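Structural description and commentary
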2 protein chains.
Amino acid sequence: MNTEGGKISVGRWMQEVGPEGDVALSSRVRLARNLEHLPFPNRAADDQLRQIQGQVDRATRQQPIPELAQVRSIDLSDYPALEREVLVERHLISPLLAQHPLYRSVILQPDETLSVMVNEEDHVRIQAIVSGLNLEEALGIAQRVDDFYAQRLDIAFSSELGFITACPTNLGTGLRASVMLHLPGLVMTGAIRQAVEAASQMHLAVRGLYGEGSNALGNIFQISNQITLGRTEKDIVRSLEVATRQLVGQERAARQALLNQAQTALDDRVNRAYGLLRFAKAISSEEAMRLLSDVWLGMDLGLLPASDKAAWRSLLIIIRPATLQKLAGRELEPAERDRFRAGIIREQLARNG
Amino acid sequence: MNTEGGKISVGRWMQEVGPEGDVALSSRVRLARNLEHLPFPNRAADDQLRQIQGQVDRATRQQPIPELAQVRSIDLSDYPALEREVLVERHLISPLLAQHPLYRSVILQPDETLSVMVNEEDHVRIQAIVSGLNLEEALGIAQRVDDFYAQRLDIAFSSELGFITACPTNLGTGLRASVMLHLPGLVMTGAIRQAVEAASQMHLAVRGLYGEGSNALGNIFQISNQITLGRTEKDIVRSLEVATRQLVGQERAARQALLNQAQTALDDRVNRAYGLLRFAKAISSEEAMRLLSDVWLGMDLGLLPASDKAAWRSLLIIIRPATLQKLAGRELEPAERDRFRAGIIREQLARNG
């Protein structure tokens with residue numbers, strides 16, 4: 001991450017507002033792959049892990065396709081803990097990888113659209129992330145990278161089970177697709193519970209911002225497929241997209257209902273949130289997410305001037321603890337962090353309204 | 001009240017920041033006087049009340065001194081209830097007079113420095129109000145007006161008891177002096193209780209903004225003398241001034257202590273208050289007072305840019321319910337009032353920072 005000319009760089013998916021961008025923040029596709037004749041990472045010896053890293057790195061450098069042309073490979077073994085945590089906050093590696101970095105790597109595209117984790121739960125996990133609701137684009141990127149590696153690596157595949165993965169829940173396609181949704185309307189009207197139940201019945205998982213077990217901070221939810229086997233990649237992605245479009249419609253209806261029934265209260269709420277973000281001198285991550293959610297909603301509903309929506313969105317990542325400390329250039333005590341966070345938010349807003 | 005060129009006019013004491021103006025908002029002196037041979041207002045017949053109004057009005061017009069040169073006399077009998085309430089909010093008449101307006105008048109100087117209530121508890125109550133801690137100036141104005149009336153009206157005076165008043169607590173000088181103080185430091189540090197007790201021991205009364213029984217909204221307190229008899233006007237005013245200077249010193253020490261011990265928290269608090277006042281779309285009178293108190297404190301401590309302090313002070317009066325409705329030009333439901341109040345505050349801040 002750089003701060004270029006005072007602007008803090010974030011992944012491309014955060015710099016744009018994509019399709020259905022009033023509700024859908026991002027679409028992500030991940031493909032799990034493993035090499036033949038080598039044990040899964042949790043059973044592999046150190047030299048085997050190193051061997052896997054080496055094979056993937058060498059393959060990556062062989063006449064790479066555009067998706068891989070500018071990547072850099074980071075060996076996490078000697079990468080600082082704070083930097084690893086930054087990668088987690090930017091959704092580029094998993095917490096698991098950050099916690100167990102020895103003989104693990106990540107291959108990163110500078111615009112953060114593509115990342116390849118090496119020796120996470122599986123040998124290779126290809127991830128593509130794009131703005132808005134655009135699962136097909138994310139799938140396309142991941143598949144092109146997958147094809148590339150399939151031609152250069154000996155990928156474990158069974159004609160019966162499909163791709164072999166460390167965990168049986170990933171067997172078959174090895175595909176996990178997910179969409180990050182901002183659902184303040186469903187939360188405020190209380191309709192979220194029913195929506196989550198409906199999604200479960202469609203074999204979809206609904207979780208908070210940073211995956212399983214995390215709360216829905218800032219009214220942000222991740223919806224993803226649970227079934228990986230017995231269906232094609234396109235089918236899996238399409239049914240997630242259908243379910244997501246339903247949720248998007250429900251969210252918009254909920255927002256409209258709030259606007260019709262309680263416009264003044266809503267207007268007051270979103271403007272207060274803006275005022276607090278603009279002027280607070282210390283702010284916790286949780287409060288900031290709550291207020292950011294209100295401001296995004298206000299912009300989407302025309303209650304706040306929709307200045308640079310993407311800049312507002314990017315604060316979601318920028319205010320996370322590790323990213324903040326990286327920006328500060330040093331470790332920060334929690335109280336310092338709250339002050340620094342408030343300062344970063346004020347600066348961004350001074351620039352972007 | 002006018003809104004001249006978008007600026008809402010307030011009394012002169014609100015347009016200026018007077019001596020010790022970081023703590024002392026205003027100084028007020030009131031003299032209670034009665035006419036000989038006429039019963040006190042609460043026992044007077046209607047024609048007697050009219051007679052008193054007439055006598056005072058005629059006297060006022062006889063070669064008036066500068067303090068009375070531009071006054072207008074308002075017969076409250078046929079003055080609208082909302083307008084009477086506005087006068088109460090501007091500290092120009094008492095709630096008693098507003099509630100029982102028949103055959104009652106107020107004689108008003110346009111800059112609101114001087115007002116004379118006719119047929120309140122006493123026949124004549126002369127009130128002078130000035131900015132900051134400046135009781136001598138207020139006393140001077142009230143005494144010059146008192147001398148003026150003494151030469152033209154037959155004022156009840158006993159060589160033993162002094163000026164005769166309806167209530168024995170006003171006997172002697174008929175003088176009530178009071179100072180309005182902003183004491184957020186003493187409230188936040190909890191030292192206010194001890195300060196109030198100390199004041200009581202000096203025979204001073206400490207009350208909230210709108211007199212007896214009212215809460216200390218916005219951390220604003222009124223401190224006034226309780227003894228009127230057996231001492232000269234100058235003595236009474238001087239001992240109130242001494243006590244007030246002590247309180248001012250204690251308040252400043254408390255603010256400094258807060259600044260030393262909790263600058264970040266204080267900085268955050270006052271800036272948040274500013275942000276909310278600047279952006280809220282609906283705001284109750286109580287919340288507005290609380291936030292204004294924080295903003296004033298922030299300006300006094302240099303935590304907020306001290307733009308137009310007096311304009312910020314004047315909001316104290318402008319946001320009161322009746323004044324607001326007068327500004328709106330119509331009655332407002334409480335919810336409408338909260339919206340209108342927020343709008344007025346935003347407008348003022350857009351003008352004055």
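Residues numbered from 1 in each chain as written. Chains lettered and ligands numbered in written order. Predicted model: local features only at pLDDT ≥ 70, side-chain atom pairs only at ≥ 80, totals over all residues. Heavy atoms only, no water.

**What to know about helix 2 (residues 46–61) of chain A**
Residues and elements named next belong to chain A. Keep this limit in mind: By definition, any uninterrupted DSSP run of H or I lasting at least four residues is a helix, any uninterrupted run of E lasting at least two residues is a strand, and each is numbered from the N terminus. In this scheme, a helix's expected span is set at 1.5 Å multiplied by one less than its residue total. Throughout, exposure labels follow a simple rule: accessible area from a 1.4 Å probe, protein chains only, divided by the maximum for the residue type, with under 20% read as buried, over 50% as exposed, and the rest as partly exposed. Note on contacts: a residue pair is in contact if any heavy atoms of the two residues lie within 4.5 Å.
In a regular helix each residue adds 1.5 Å, so 16 residues correspond to 22 Å; helix 2 covers 23 Å between its end C-alpha atoms and thus fits that length. Buried residues of helix 2: Leu49, Ile52, Gln53, Gly54, Val56, Asp57, Ala59 and Thr60, and no others. Structurally, helix 2 contributes buried residues whose contacts are with strand 4 (72–75), strand 5 (105–108), strand 6 (114–118), strand 7 (124–131) and helix 5 (135–152). Where helix 2 terminates, the next one or two residues include Gln63, which has phi positive at roughly 40°.

**Description of the sheet that holds strand 4 (residues 72–75) of chain B**
Residues and elements named next belong to chain B. Note the cut-off: Here a strand pair is declared whenever DSSP counts at least two bridges between the two strands. The convention used is that axes are lines fitted to C-alpha atoms, helices contributing only their stretch in contact, and that angles between N-to-C directions extend from 0 to 180 degrees.
Strand order in the open sheet formed by 8 strands is 4-5-6-7-3-10-12-11, with antiparallel pairing between adjacent strands. The sheet is open, and its two borders are formed by strand 4 and strand 11 (204–207), each paired with just one other strand. Sheet twist, expressed as the average angle between the axes of neighbouring strands with direction ignored, equals 20°. Bridging between strand 11 and strand 12 (residues 220–225) involves 4 bridges; their strand directions are antiparallel. Counted as the bridge partner of Val206 is Ile223 from strand 12. The strands that helix 2 (residues 46–61) touches are strand 4, strand 5 (105–108), strand 6 (114–118) and strand 7 (124–131); relative to strand 5, the one it contacts most, it runs at about 10°. Helix 9 (residues 233–279) rests against strand 3 (24–33), strand 10 (175–182), strand 11 and strand 12 of the sheet, and its axis sits at about 10° to strand 10.

**Things to note about the interface of chain A and chain B**
Our working definition: Reported buried area values correspond to the accessible surface (1.4 Å probe) lost by two parts on association, with both partners' losses combined. Any Lys or Arg side-chain nitrogen found within 4 Å of a carboxyl oxygen on Asp or Glu counts as a salt bridge. Residues adjacent in sequence count toward polar contacts only when both atoms are side-chain atoms; beyond that, a polar contact is any pair of N or O atoms within 3.5 Å, and within protein one must be able to donate a hydrogen and the other to accept it. Each residue is assigned to one class: nonpolar for Ala, Val, Leu, Ile, Met, Phe, Trp, Tyr, Cys and Pro, charged for Asp, Glu, Lys and Arg, and polar for all the others, Gly among them.
Residue-level contacts link 16 residues of chain A with 16 residues of chain B. Of all residues in chain A, Arg272, Phe279 and Lys281 of chain A bury the most surface against chain B, accounting for 41% of the area lost on that side. In this structure, the connection of chain A to chain B is made through 4 salt bridges. Taking the shortest distance from any N to any O, the salt bridge between Asp267 of chain B and Lys281 of chain A comes out at 3.2 Å. At the surface where chain A touches chain B, the tally comes to 10 residue pairs in polar contact (both at pLDDT 80 or more). The element that contributes the greatest number of residues to the side of chain A that touches chain B is helix 8 (residues 233–279) of chain A, accounting for 10 residues. Grouping the constituent residues of the side of chain A that touches chain B by class yields 6 nonpolar, 3 polar and 7 charged.

**Quick look at the pattern of salt bridges**
Counted under the stated rule, the structure contains 46 salt bridges over all chains. For the salt bridge of Glu67 of chain A with Arg144 of chain A, the shortest nitrogen-to-oxygen distance reads 2.6 Å. One end of the pair, Glu67 of chain A, is in the loop between helix 2 and strand 4; the other, Arg144 of chain A, is in helix 5, with 77 residues separating them in the sequence. Residue class for Glu67 of chain A comes out buried when judged on its relative accessible area of 14%. Using a relative accessible area of 41% as the deciding quantity, one classes Arg144 of chain A as partly exposed. Residues Arg90 of chain B and Glu112 of chain B are paired through a salt bridge, measuring 3.0 Å at the closest nitrogen-oxygen approach. Here Arg90 of chain B, found in the loop between helix 4 (81–89) and helix 5 (95–99), pairs with Glu112 of chain B, found in the loop between strand 5 and strand 6; they are 22 residues apart in sequence, far enough to count as distant. Relative accessible area serves as the criterion here: at 4%, Arg90 of chain B is assigned to the buried category. Here the salt bridges share partners, and the residues they tie into one network are Glu20, Asp22, Glu241, Arg245 and Arg252 of chain A.

**Considering the domain arrangement of chain A**
Residues and elements named next belong to chain A. Put simply, the rule is: Domain start and stop positions are those given by an automatic or database domain assignment.
When the domains of chain A are assigned, the result is domain 1 (4–231) and domain 2 (252–352). On a C-alpha basis, the centres of domain 1 and domain 2 stand 26 Å from each other. Contacts between domain 1 and domain 2 engage 33 residues on the former and 32 residues on the latter. For the pair domain 1 and domain 2, the two sides together bury roughly 2900 Å², of which 67% comes from carbon and sulfur. Between domain 1 and domain 2 we count 3 salt bridges in total. For Lys326, the salt bridge goes to Glu83, with nearest N and O atoms at 3.1 Å. Applying the counting rule to domain 1 against domain 2 returns 11 residue pairs in polar contact (both at pLDDT 80 or more). Those elements that place two or more of their residues in the side of domain 1 that touches domain 2 are strand 2 (7–8), helix 1 (12–15), helix 3 (81–89) and helix 6 (184–189). Per-class residue counts for the side of domain 1 that touches domain 2 are 16 nonpolar, 9 polar and 8 charged.

**Some thoughts on the packing of aromatic side chains**
Note the cut-off: Stacked, edge-to-face and tilted are the three classes for Phe, Tyr and Trp ring pairs, Trp counted by its six-membered ring, which pair at centre distances within 6.5 Å; planes under 30 degrees apart are stacked, over 60 edge-to-face, the rest tilted. In this scheme, the term charge over a ring applies when either NZ of a lysine or CZ of an arginine sits within 6 Å of the ring centre and within 35 degrees of the ring normal.
Applying the stated rule across the entire model yields 9 aromatic pairs over all chains. Relative to Phe279 of chain B, the ring of Tyr274 of chain A has its centre 4.8 Å away and its plane inclined at 70°; by these criteria the two rings are edge-to-face. With Tyr274 of chain A in helix 8 and Phe279 of chain B in helix 9, this pair bridges two chains. The same class applies to Tyr274 of chain A as to Phe279 of chain B, namely buried. Judged by centre distance (6.5 Å) and plane angle (40°), the ring pair of Phe279 of chain A and Phe279 of chain B falls under tilted. Residue Phe279 of chain A is found in helix 8, and its partner Phe279 of chain B is found in helix 9; the two belong to separate chains. For Phe279 of chain A, a relative accessible area of 15% gives the class buried. Residue placement shows Arg33 of chain A over the ring face of Phe163 of chain A; its charged tip is 3.5 Å from the ring centre. Over the aromatic face of Trp296 of chain B sits the side chain of Arg313 of chain B, whose NZ or CZ is 5.3 Å from the ring centroid.

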